[in-house]
Amino acid sequence: MKGWLERLRKGYGKKLVALHAWNGWIVVVLALTGLILLGGFWRGVLGEGRVWLKWAHIAVGIASIMPILYYLALAGKHWRQLRGKPWQKFNVYVVLGFLLGWFLSGVLLWQFKLVGPRISNAALVAHDLLTWIGLPYIIYHSITRAKWLKDPKRRTVQAENRSVDELHPASPQPVYTRRAFIRGAIGVGLAVTVGPSFLKWLGESLGSAGGGASIDKLIENNANELLPAPQPMTASSPPIGGGAQGHFRVYTVTPIPSFNNANWSFRVDGLVDQPLQWKWEEFVKLARTVQVSDFHCVTGWSVYKNTWEGIPVKEMLKLAGVQGKAKSAIFYSGDGVYTSGITLEQLAKDDAMIAVLHDGKPIPSDLGGPVRLIMPKMYAYKSVKWLNRIELIEGEHIGYWEQRGYANEAWV
Ligand SMILES: Nc1nc2c(c(=O)[nH]1)N[C@H]1C(S)=C(S)[C@@H](COP(=O)(O)O)O[C@H]1N2
Ligand SMILES: [Mo]
């Protein structure tokens, strides 16, 4: 241990130490920004700040390749010095693997438009998986290597035996060293704190391959009470799409609202010949159609083969009679905050839908029920949840995420 430290302190060793520190700080920044971006809690709290945070995460992520490349330039020498230290070599491989994996999957996520949904889906799974395994590994590594953990007496007295006692803790030793104990405790602590979220995530990404138990749970927890329940058409139940494949991440910028027959209504107004308004009892009677379509979020996840049943936007606009000067529509969420703007030209697509059922069941409150917009050919930030108003306007509207940096034109 002593020799290793001494070598690090000299010449190129100094560079390695600096490199290690830089890299450590980069990982800390990426971990913190990444976890905040992942945490649903922060979506509403941060609002616009989230977009800045995302750009910071991407910028630092790109910069993280610099210490990696620099290390690779020094690696030959470092490698010779690690001769006979298989665990340290192993550690270098593991850490480099994580850093490169994060970097590459991160670049694919950053360039989601270029690579398309399939690749960014895979990149997101890889990015998450690396985080759930790599972060505990790196935290464990940095805590157990921290200076305060190293028993100075033990280090100097037993420096020569180090490689032996590292690998064979049973060699003549104080029964159970403080360091070994603390290491064990840290390992258990990490397993207990990070383990459950990791398992949950793993279960969700694997278990939901065929539609999944988790959507049933969302339905179970549905906070809406709207009667009568919409009756699915035969194409919806059983769903002609065969059931959605993938997993919705519940996204919201407000607390999840809940609706009942008394507080829910739906309006179409603005530049129309006939402003319309429905209570739920009338709304469920509107003629619906069924479509099967994929759902893509810009953050890299998708849900494939959703069977949506609802009112085509086209048909609803026909009912209201759009005036000639109208150019686009604002879609309002019943959460009172979220909106999105879409041009009439874009809305002319047959699959633009005001959806009421998903796979034959009422859309649960977490997923935007009772009614959400579905724009399958656009990224899902256009698919306004808890939709309750459509306003026709002359110009263009810049919606919630569009004001915060997402493109107003959102074709997948
Ligand atoms: N009202 C509202 N609608 C919304 C959002 C939101 O935060 N609030 N997020 C959008 C984004 S970015 C996505 S990816 C989808 C997510 O839908 P889900 O929560 O049902 O998975 O909803 C879209 N519609
Ligand atoms: Mo999204």
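Residues numbered from 1 in each chain as written. Chains lettered and ligands numbered in written order. Predicted model: local features only at pLDDT ≥ 70, side-chain atom pairs only at ≥ 80, totals over all residues. Heavy atoms only, no water.

Within an unreviewed UniProt entry, the label attached to the protein reads Molybdopterin-dependent oxidoreductase, and the organism entered is Paenibacillus soyae.

Right, let's get into the overall build of the protein. Helix and strand counts for the protein come out as 15 helices and 11 strands. Taking as baseline every contact in the protein between residues at least 6 positions apart, the subset at least 24 positions apart corresponds to 73%. Accessible area for the protein stands at about 21,100 Å²; split by element, carbon and sulfur atoms hold 64% of it. (Helix = DSSP H or I, 4+ residues; strand = E, 2+ residues; numbered from the N terminus. Contact = heavy atoms within 4.5 Å. Areas by Shrake-Rupley, 256 points an atom, 1.4 Å probe, with all protein chains shown as cover.)

Scanning the entire structure with this criterion turns up 22 aromatic pairs. Judged by centre distance (6.3 Å) and plane angle (70°), the rings of Phe248 and Trp308 are edge-to-face. Of the two residues, Phe248 sits in the loop between strand E1 (245–246) and strand E2 (265–270) while Trp308 sits in strand E5 (residues 302–312), which places them 60 residues apart along the sequence. Considered together, Phe248 and Trp308 belong to a single accessibility category, that of buried residues. Judged by centre distance (5.4 Å) and plane angle (25°), the rings of Trp401 and Tyr406 are stacked. Judged by its relative accessible area of 3%, Trp401 is buried. Owing to a relative accessible area of 14%, Tyr406 belongs among the buried residues under this scheme. Of the aromatic side chains, those joined through ring pairs into one cluster are Phe248, Tyr251, Phe295, Trp301 and Trp308. Between the NZ or CZ atom of Arg404 and the centre of the ring of Tyr400, over which it lies, the distance is 3.7 Å. (Phe/Tyr/Trp six-rings, centres within 6.5 Å; stacked < 30°, edge-to-face > 60°. Buried < 20%, exposed > 50% of the residue type's maximum accessible area, 1.4 Å probe, protein only. Lys NZ or Arg CZ within 6 Å of the ring centre and 35° of its normal.)

Ranked by size, the top nonpolar core spans 65 residues in total, and within it Phe266, Phe283, Met316, Phe331 and Ile354 carry the most contacts. A per-element tally of this core places strand E8 (residues 353–358) first, with 5 residues. Each of two domains, domain 1 (2–210) and domain 2 (228–403), supplies a minimum of three residues to this core. Not counting the four nearest positions on each side in its chain, Phe266 is found in contact with Leu276, Gln277, Trp278, Phe283, Met316, Ile354, Val371, Leu387, Asn388, Arg389 and Ile390. (Core = buried A, V, L, I, M, F, W, Y, C linked by side-chain atoms within 4.5 Å. Domains from an automatic or database assignment.)

Here we take up the UniProt feature "transmembrane region" (unreviewed entry) in the protein. This chain's UniProt record puts "transmembrane region" (unreviewed entry) on residues 21–42, 54–72, 92–112 and 118–140. Between the end C-alpha atoms of residues 92–112 the distance is 30 Å, and the span holds 95% helix and 0% strand. (UniProt positions renumbered as here; feature names shortened; annotations may be inferred.)

Along the polypeptide, Arg43 turns up in helix H3 (residues 40–46). Judged by relative accessible area, which is 5%, Arg43 ranks as buried. In the structure, Arg43 is positioned 211 residues away from Thr254 in sequence and 8.1 Å away in space, judged by C-alpha atoms.

Because the α-helix completes a turn every 3.6 residues, residues three or four places apart line up on one side. Here helix H2 (residues 11–38) is 28 residues long and its end C-alpha atoms lie 41 Å apart, about the 40 Å a rise of 1.5 Å per residue gives. Among the residues of H2, Tyr12, Gly13, Leu16, Leu19, Asn23, Ile26, Val27, Leu30, Ala31, Thr33 and Leu37 are the ones counted as buried. (Expected span 1.5 Å × (residues − 1).)

A regular strand carries its side chains on alternate faces of the sheet. Direction of pairing for E2 relative to strand E3 (residues 276–279): antiparallel, over a ladder of 4 bridges. Counterpart to Arg267 in the pairing with E3 is Gln277. As consecutive antiparallel partners, E2 and E3 are separated by 5 residues. Relative to strand E11 (residues 387–393), E2 runs parallel, the two sharing 4 bridges. Following the sheet pairing, Val268 is matched in E11 by Ile390. (Pairing = 2+ DSSP bridges.)

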